[in-house]
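Coordinate analysis (summary)
One-letter residues, chain by chain:
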Amino acid sequence: LIVSSGGLASGAILSSGGVLIELPGGHVSGTVFDGGVLESGGVLVLSGGDVLSDTPGIVSGLQITNDETDDLLSGGGVVSSVISSGGNENVYSGTVASFTTVSGGIQSVFAGGVATGTVVSHGFQQVSGGLVENTVLVQSSFQTVSAGGRAIGTQVGSGAFEVLASGGSASGTIVGVGGFQIVTSGGFASGTVVSGVGAFEFLTGGVASATQVSLHAAQIVSGAGSLAISTTVNDAFQGVSAGGIAS
């Protein structure tokens, strides 16, 4: 039995061989243990609704493929996991994922969780209240930051996107040739470096401070609420339109 965020298991009876899994945000009450086990910590690996493994502490080299998920619960962490197409890695409060490779899959970092050194290729990194450091985005990959999430030192390569939504922030992002940073309403970027042909920072209702734009890159400030503060432009383009402000 898996109790996800917002779920409630009340009065469950766990007989021998039974497992009750309490994910962050789930609630368990009145459970009777008759030889069964409650799991709420470590690194949990699921395939559909089946438990493949539950390991305490730090796990190295996990391979997560289609329809599989690794959940980092209290006291758990991963190093050098690989999340392939259809796979998911969930980083919850008090846990750390280091040097994950996301190749077609999804890494989600929730409030209190940390991911460092993630490389994303043809996949997604979703940061909702958590912290990510030194992510590298390449080849049709996306990083979305929202709801109090923070991204520090992200590198955005050709065909990749960093999107800062409401409550999301980024500092020290480097946007290279063919990369995109998009700052929507309620998002905030500071100290972004945008450099090279086809590199863009788009402000569509968001705020950017101390952006450096150079070598034929561009900053576009468009729409109500869009604000660019102290941008430095060197051999590059800054466009301001439709209610956007550059100061």
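Okay, so let's go over this structure. (Residues numbered from 1 in each chain as written. Predicted model: local features only at pLDDT ≥ 70, side-chain atom pairs only at ≥ 80, totals over all residues. Heavy atoms only, no water.)

**Here we look at unusual backbone geometry**
Positive phi, normally seen in glycine, also occurs at histidine 122, with a value near 55 degrees. With respect to the helices, strands and loops of the structure, histidine 122 is situated in the loop between β20 (119-121) and β21 (124-128). Take histidine 122: its relative accessible area is 48%, and that puts it in the partly exposed class. The phi angle at leucine 215 is positive, at roughly 55 degrees, despite the residue not being glycine. Tracing the chain through its elements places leucine 215 in the loop between β35 (212-214) and β36 (218-222). (Helix = DSSP H or I, 4+ residues; strand = E, 2+ residues; numbered from the N terminus. Buried < 20%, exposed > 50% of the residue type's maximum accessible area, 1.4 Å probe, protein only.)

**Details of the nonpolar core**
Counting 34 residues, the largest nonpolar core has Leu62, Val78, Ala97, Val132, Leu164 and Leu203 as its most contacted members. Setting aside chain neighbours within four positions, we find leucine 62 in contact with Val43, Val45, Asp70, Val78, Ser80, Ser81 and Val82. (Core = buried A, V, L, I, M, F, W, Y, C linked by side-chain atoms within 4.5 Å. Contact = heavy atoms within 4.5 Å.)

**Focus on the packing of aromatic side chains**
Inspection of every chain in the model, using the stated rule, returns seven aromatic pairs. Here phenylalanine 180 and phenylalanine 202 contribute two aromatic rings whose centre-to-centre distance is 6.3 Å and whose plane-to-plane angle is 10 degrees, an arrangement assigned as stacked. Here phenylalanine 180, found in strand β30 (residues 180-184), pairs with phenylalanine 202, found in strand β33 (residues 200-204); they are 22 residues apart in sequence, far enough to count as distant. Accessibility expressed as a relative area gives 25% for phenylalanine 202, which makes it partly exposed. Put simply, the rings of Phe124, Phe142, Phe161, Phe180, Phe200 and Phe202 touch in pairs and so form one group of aromatic residues. (Phe/Tyr/Trp six-rings, centres within 6.5 Å; stacked < 30°, edge-to-face > 60°.)

**Some thoughts on the sheet that holds strand β26 (residues 155-156)**
Reading across from one edge, β11-β14-β17-β20-β23-β26-β29-β32-β35-β38 is the order of the ten strands in this open sheet, with parallel pairing throughout. The open sheet terminates on both sides in strands that have one partner only, identified here as β11 (63-64) and β38 (232-234). (Pairing = 2+ DSSP bridges.)

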